[in-house]
Amino acid sequence: RKQFRIRLFRSSQALTLLLDEGHLEKLVAMAKEDNGALLTQLLVVPKAIQQLIAVKQFDVLLKFATEHADANARRNFLQGIVYNRETLQALIANDLIDTVLTLVKEEREPYVRESLLNSLLSLPAVIRYYAKAGKLDSIFALLPANSNRSNNVLFSVLGRSEVISILVEQERLEETIAY
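Residues numbered from 1 in each chain as written. Predicted model: local features only at pLDDT ≥ 70, side-chain atom pairs only at ≥ 80, totals over all residues. Heavy atoms only, no water.

### Topic: the overall build of the protein
Within the protein, the secondary structure is distributed over 15 helices and zero strands. In terms of overall dimensions, the protein is globule-like: its C-alpha atoms have a radius of gyration of 17 Å, near the 16 Å expected for 179 residues. Principal axes of the C-alpha set define a box for the protein whose edges measure 55 × 30 × 25 Å. Within the span of the protein, comprising 179 residues, buried residues form 44% of the whole. In the protein, 63% of the contacts between residues at least 6 apart in sequence involve partners at least 24 apart. (Helix = DSSP H or I, 4+ residues; strand = E, 2+ residues; numbered from the N terminus. Rg over C-alpha atoms; globule rule 2.2 N^0.38 Å. Buried < 20%, exposed > 50% of the residue type's maximum accessible area, 1.4 Å probe, protein only. Contact = heavy atoms within 4.5 Å.)

### Comments concerning unusual backbone geometry
Only a minority of non-glycine residues have a phi that is not negative, and only a minority of peptide bonds are not trans. Positioned with a positive phi, lysine 56 is a non-glycine residue whose angle comes to about 55°. Along the chain, the position of lysine 56 falls in the loop between helix 5 (46-54) and helix 6 (58-68). Residue class for lysine 56 comes out exposed when judged on its relative accessible area of 63%. Of note in the backbone geometry, aspartate 95 takes a positive phi value of approximately 60° without being a glycine. By the element assignment, aspartate 95 lies in the loop between helix 8 (85-93) and helix 9 (97-106). A relative accessible area of 53% means that aspartate 95 is categorised as exposed.

### Quick word on the pattern of salt bridges
Taken as a whole and assessed by the stated rule, the structure comprises four salt bridges. Between aspartate 20 and lysine 47 there is a salt bridge, and its shortest N-O distance comes to 3.1 Å. Placement of the pair is aspartate 20 in helix 2 (residues 12-20) and lysine 47 in helix 5, with a sequence separation of 27 residues. For aspartate 20, a relative accessible area of 43% corresponds to the partly exposed category. (Salt bridge = Lys/Arg side-chain N within 4 Å of Asp/Glu carboxyl O.)

### Some thoughts on helix 10 (residues 110-121)
Every α-helical turn comprises 3.6 residues, leaving residues that sit three or four positions apart pointing alike. Here helix 10 spans 16 Å end to end across 12 residues, near enough to the 16 Å set by a 1.5 Å rise per residue. Those residues of helix 10 not exposed but buried are Val112, Arg113, Glu114, Leu116, Leu117, Ser119, Leu120 and Leu121. (Expected span 1.5 Å × (residues − 1).)

### Regarding helix 11 (residues 124-132)
Of all the nine residues making up helix 11, seven are buried; the element is thus mostly covered by neighbouring parts of the structure. Taken residue by residue, helix 11 has Pro124, Ala125, Val126, Ile127, Tyr129, Tyr130 and Ala131 as its buried positions. One or two steps after helix 11, the chain reaches glycine 134, where phi turns positive at roughly 70°.

### Re the confidence of the model for the protein
A residue-level look at the protein finds 95% of positions with pLDDT of 70 or above and a mean pLDDT of 83. Confidence, read as mean pLDDT per element, is least for helix 13 (residues 148-158) in the protein (72) and greatest for helix 2 (95). (pLDDT = per-residue confidence, 0-100.)

### Description of the side chain of serine 119
Among the structural elements, serine 119 can be located in helix 10. Here serine 119 falls in the buried class, since its relative accessible area comes to 11%. Beyond its immediate sequence surroundings of up to four residues, serine 119 is in contact with Val82, Tyr83 and Arg85.

### Quick look at the nonpolar core
Phe9, Leu42, Phe58 and Leu91 are the most contacted members of the largest nonpolar core, which has 60 residues in total. Those residues in contact with phenylalanine 58 that sit more than four places away from it in its chain are Leu43, Ile49, Leu52, Ile53, Ile81, Leu91 and Leu96. (Core = buried A, V, L, I, M, F, W, Y, C linked by side-chain atoms within 4.5 Å.)

### Regarding the packing of helix 1 (residues 2-10) against helix 3 (residues 24-36)
Each pair of packed helices gets described by two things: the angle between the helix axes and the distance between those axes. Running from N to C, helix 1 and helix 3 point in directions that differ by 115°, and their axes come no closer than 11 Å. Here helix 1 and helix 3 pass one another in a crossing that is left-handed. Side by side, helix 1 and helix 3 meet where Lys2, Arg5, Leu8 and Phe9 of the first sit next to Leu27, Met30, Ala31, Glu33 and Asp34 of the second. For the contact of helix 1 with helix 3, the residue count by class is five nonpolar, no polar and four charged. (Axes fitted to C-alpha atoms, helices over the stretch in contact; angles between N-to-C directions. Left-handed = near helix turned anticlockwise from the far one by under 90°. Nonpolar A, V, L, I, M, F, W, Y, C, P; charged D, E, K, R; others polar.)

Printed below as a string of structure tokens:
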């Protein structure tokens, strides 16, 4: 039975089909078994995230997963979330992007943290969300001062015309350039 669950949770396609058939609660229960060992694999499936958000359980399960997963598993599902545009849009729309940013802050590997941050900032909706909330500093404060990687992230972000438009529109361009 355990081997079947492991194989099932390795297949995002199978999980998506089960989610389409209304099996979210069963999948969550299975994922939580064995101290949540499979939960991180469920949390990288966009359909699962969308359904968890809809039933207001995403942040609860994300917290459970982060408390019970090892650093590599946590890093993998965080990358699965951050690198998926559809997922990020859903998180922004449901005011849950701060939860993800908190996990990015907690990433111990500077290179991984900066890569995640770069991916987050490459989505104009994220910039718009934080600019409107007046919280751009909470993102840029994650970048170490005078670091080539930090500069690369900033150059990447500021190199996008849509991002510049958002920053100008929200009167945050000077604040951003100051970093």
